[in-house]
Amino acid sequence: MTTNPFQLDGYMIRRKVFKLFGSSFHVYDPAGQVIGFSKQKAFKLKEDIRLYTDESAGTELLTVQARQIVDFSAAYDILDAQAGTKAGGAKRKGFKSILRDAWELMDANDAPIATVQEDSGGLAFLRRFLSNLIPQSFDVKDSSGVLQATFKQRFNPFIYKLEISIAPGATLDRRLVFGAAVLIAAIEGRQG
Amino acid sequence: MSIPVRCDCRFLFTADAKLAGGFTNCPQCGKAVAVAGLRDPMWRVLQFGALVIWVLSVAGAASSWGVGGAVLTALGGALLIWMISRLF
């Protein structure tokens, strides 16, 4: 039986770093079972990440799509493919992200409800100017500053691994957390 | 500024301009519906640049190969722009 990734408190995104064209990643539950798969086409101008339950790409779970082709605002919509509705969105904070990666999560009406930020300013600085081999960590906090989830990159120069842990009692829509993790794995991971 | 959006359920409503190129939920049926895009300011600059290159190419072809060359270049450029726009 397939596990619903939106009900899990922890999972891992694994992405190959050295892939010639396009990119793909798998999502694993804590038992190591594949619960999600995404393959991105190379040379696609508008970012369009589709997450499926497995490699057969038969059942789509989530769609993360950039709003613009040349996207300076870097805003993405997160769609629940099963329900056919928009769960919310994510927007990269351009200037803040120069020194420390920061994202804003929005609800379906585009109202900001949470932030995703690299946890350490010092490490973010070192990562940018000395070595991008230093793994990234992100904290997801709601608008009141309550921790909702953490994303931790595992040190591995060949395979990008991002561990997602949902905080106990988290109230944030897990589809948004999942969408944000997928975006970070696809976009930040590509820059690393 | 707002953008008119028509849902598959035939409900017509407006979405905020910042959602251009993205999605919004239909207030009538709740399903996600695409909002018309290509309003990014940089996209306008690129469109203008493509137009300038196209005009210059046509003018260049006209001076080198005459009216026939200009017409062929104009048609070829238009076809290329149409094919690129289909990619999006």
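Above: the structure in question.
The structure presented is a predicted model; accordingly, all values stated were derived computationally and were not measured. (Residues numbered from 1 in each chain as written. Chains lettered and ligands numbered in written order. Predicted model: local features only at pLDDT ≥ 70, side-chain atom pairs only at ≥ 80, totals over all residues. Heavy atoms only, no water.)

Looking now at the overall build of chain A. For chain A, the count of helices and strands is 3 helices and 12 strands. Within chain A, buried positions represent 49% of all 192 residues. Pairs at least 24 residues apart make up 37% of the contacts formed inside chain A by residues separated by at least 6 positions. Looking at chain A as shown, the accessible area adds up to about 9100 Å², and 56% of this sits on carbon and sulfur atoms. (Helix = DSSP H or I, 4+ residues; strand = E, 2+ residues; numbered from the N terminus. Buried < 20%, exposed > 50% of the residue type's maximum accessible area, 1.4 Å probe, protein only. Contact = heavy atoms within 4.5 Å. Areas by Shrake-Rupley, 256 points an atom, 1.4 Å probe, with all protein chains shown as cover.)

This paragraph deals with the packing of aromatic side chains. All names here are of chain A. Scanning the entire structure with this criterion turns up 4 aromatic pairs over all chains. With a centroid separation of 4.7 Å and 25 degrees between ring planes, the pair formed by Tyr11 and Phe178 is classed as stacked. Of this pair, Tyr11 sits in strand E1 (residues 10-16) while Phe178 sits in helix H3 (residues 174-191), and the two are 167 residues apart along the sequence. For the pair Tyr11 and Phe178, a shared accessibility class is recorded, and that class is buried. Centroid distance Tyr76 to Trp103: 5.9 Å. Interplanar angle 45 degrees. Geometry classified as tilted. Residue Tyr76 is located in strand E6 (residues 75-80), and its partner Trp103 is located in strand E8 (residues 102-106); the two are separated by 27 residues in the primary sequence. A relative accessible area of 8% places Tyr76 in the buried class. Exposure remark for Trp103: the relative accessible area of 3% places this residue in the buried category. (Phe/Tyr/Trp six-rings, centres within 6.5 Å; stacked < 30°, edge-to-face > 60°.)

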